[in-house]
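Residues per chain are reported as follows:
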Amino acid sequence: MAVELLELTFDQLQNWLVEDLHQKPFRAKQLFKWLHFKRISSFDAMTNLSLKFRNQLKSTAGITVPEQVNKVESPDGTVKYLLQLPSGPAESVLIPDPPRFTACLSTQYGCRMGCKFCMTGLAGFHGNMTAGEIVAQLYAMSETSASRISNVVLMGMGEPMDNWDAVANALEIISDSRGICIGQRKITVSTVGIPGGIRKLVDMEKQYGLAVSLHSAVQRTREMLVPAAKAINLAELKRDMLEYTGTTGRRVTLEYCLIQGINDSLEEAEALVQYSKELPCKINLLVYNSVPGLEWERPSEESIKRFTEYLYPRCSAVTLRRSRGDEVAGACGQLGASVLKKGDPAFTVPP
Ligand code: SF4
């Protein structure tokens, strides 16, 4: 089977070239630059490689090139991409907020976390993405975007910690200074917080950002919204987050999606105040967008105001973010709505 080059970190690429193709180590630098800096996917265009080496690559390796199936831009400038990757369709979103341009990448086909307010969760799990498929989304967006992508967040379809090996490789490739070189501090991993997940990020000893989809600081409410929370209680989750903040010196972002009558009461607000007290964090409030087929509703403006005004004087950093890209269904928890359907025969899950 052909080796998929976009999947390999620099060290893996070098090892493969030296051990399997009996090439000199410097070839890795040349090839990595073509793949991840110039983002060239044709071996013929890699003109500083000898013809013999290019032919050797052609017969042993491939380069993932996603097909752009659809691209929809909302009035606020958010762009949703529907890409066809080797193992299935994926949605990715580009969020402009000059000078920042953030690429929101998917890490799995669907998701097995089953969050009750999420269209991706509703569609079930169809398989993991490879590191190459994660990286390829970024390159596809970068190619068609007039602006340079400055930030990356792994927050699209899937739970990144549930596909850790591929995600870890993708993080390394994206932040490699020999490639597209997105700084570690400009890359954020968003998780619901599965057991042992945050520890893997801590163990990397890097500066990647961490966002935790909290959605409630009351265990019962959280378990109802995020079934995966049954495997890790709020105290354990906080301990993991403190380990992250202590090791990296960075704050963690707590994502909190306000849903009418579920987690928007003053009791929930007070629980959030208490929970976040000794945690270096910023709280990012989002407003739920009603989704056809789901029972949850967007909170009233009065309820949003009451909740935020309770938090503002009591928490050090709170932002209220109106979801970007509502019009293109590119807001959190709405990805996958158009491409993933339970039991979709169009899906080819990797073996
Ligand atoms: S919100 Fe995130 S973790 Fe939860 S089901 Fe959706 S994609 Fe998965």
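Bear in mind that the values here come from a model prediction, so they are computed numbers and not experimental data. (Residues numbered from 1 in each chain as written. Predicted model: local features only at pLDDT ≥ 70, side-chain atom pairs only at ≥ 80, totals over all residues. Heavy atoms only, no water.)

Side note on the overall build of the protein
Along the protein, the regular secondary structure elements total eleven helices and 14 strands. In summary, the protein has a C-alpha radius of gyration of 21 Å against a globular reference of 20 Å for 351 residues, a match within 12%. Reported as C-alpha extents along the three principal axes, the dimensions of the protein are approximately 70 × 40 × 40 Å. Working note: accessible area of the protein is about 15300 Å², and carbon and sulfur atoms make up 51% of it. Positive and negative charge centroids in the protein, built from 39 and 38 side chains respectively, lie 6 Å apart. (Helix = DSSP H or I, 4+ residues; strand = E, 2+ residues; numbered from the N terminus. Rg over C-alpha atoms; globule rule 2.2 N^0.38 Å. Areas by Shrake-Rupley, 256 points an atom, 1.4 Å probe, with all protein chains shown as cover. Lys, Arg positive; Asp, Glu negative; His and termini not counted. Charge placed at Lys NZ, Arg CZ, Asp CG, Glu CD.)

Digging into the pattern of salt bridges
Scanning the model with the defined rule gives nine salt bridges in all. Residues Arg199 and Asp203 are paired through a salt bridge, measuring 2.6 Å at the closest nitrogen-oxygen approach. Taken together, the residues span about one helical turn, with Arg199 and Asp203 both in helix H7 (residues 197-203) at a distance of four residues. For Arg199, a relative accessible area of 36% corresponds to the partly exposed category. On the basis of relative accessibility, which here comes to 47%, the residue Asp203 falls in the partly exposed class. Glu255 is paired through a salt bridge with Arg321; the nearest N and O atoms lie 3.8 Å apart. Residue Glu255 is located in strand S12 (residues 252-258), and its partner Arg321 is located in strand S14 (residues 318-321); the two are separated by 66 residues in the primary sequence. On the accessibility criterion, Glu255 (5% relative accessible area) is buried. Here the salt bridges do not stand alone but share partners, grouping Arg199, Asp203 and Glu243 into one network. (Salt bridge = Lys/Arg side-chain N within 4 Å of Asp/Glu carboxyl O. Buried < 20%, exposed > 50% of the residue type's maximum accessible area, 1.4 Å probe, protein only.)

Focus on unusual backbone geometry
Between Pro98 and Pro99 the backbone carries a cis peptide bond, its omega angle lying at 5 degrees. Of note, the phi angle at Arg39 is positive, near 55 degrees, even though the residue is not glycine. Looking at the element boundaries, Arg39 is found in the loop between helix H2 (26-37) and helix H3 (51-60).

Some points on the domain arrangement of the protein
Per the domain assignment, the segments of the protein are domain 1 (3-62) and domain 2 (67-328). Just the C-alpha atoms count here: the centres of domain 1 and domain 2 sit 33 Å apart. Contacts between the two partners involve twelve residues from domain 1, matched on the other side by 14 residues from domain 2. Interface of domain 1 and domain 2: buried area, both sides summed, is about 1200 Å²; carbon and sulfur atoms make up 61% of it. Sorting the residues of domain 1 by area buried against domain 2 places Leu6, Glu7 and Arg39 first, and these three jointly supply 42% of that buried surface. The tally of links between domain 1 and domain 2 comes to zero salt bridges. Put simply, domain 1 and domain 2 have four residue pairs in polar contact (both at pLDDT 80 or more) between them. Every element with two or more residues in the side of domain 1 that touches domain 2 is listed here: helix H1 (10-19) and H2. No other element matches the five residues that H2 contributes to the side of domain 1 that touches domain 2. When grouped by side-chain class, the residues that make up the side of domain 1 that touches domain 2 number six nonpolar, three polar and three charged. (Domains from an automatic or database assignment. Contact = heavy atoms within 4.5 Å. Buried area = accessible area lost by both parts, 1.4 Å probe. Polar contact = N/O pair within 3.5 Å; in protein donor to acceptor, adjacent residues only side chain to side chain. Nonpolar A, V, L, I, M, F, W, Y, C, P; charged D, E, K, R; others polar.)

Some remarks on the nonpolar core
In terms of nonpolar packing, the biggest core is built from 107 residues, with Leu5, Leu31, Leu171, Leu201 and Leu311 touching the most fellow members. Looking at this core, you find at least three residues from each of domain 1 (3-62) and domain 2 (67-328). What Leu201 contacts, discounting residues up to four positions off in sequence, is Met161, Trp164, Leu171, Val189, Tyr208, Gly209, Leu210 and Tyr244. (Core = buried A, V, L, I, M, F, W, Y, C linked by side-chain atoms within 4.5 Å.)

Considering the environment of Gly249
Mapped onto the elements of the fold, Gly249 is located in the loop between helix H9 (234-248) and S12. Under the relative-accessibility criterion, Gly249 is labelled exposed at 67%. Spatially, the C-alpha atoms of Gly249 and Val153 are 19 Å apart, while their sequence positions differ by 96 residues.

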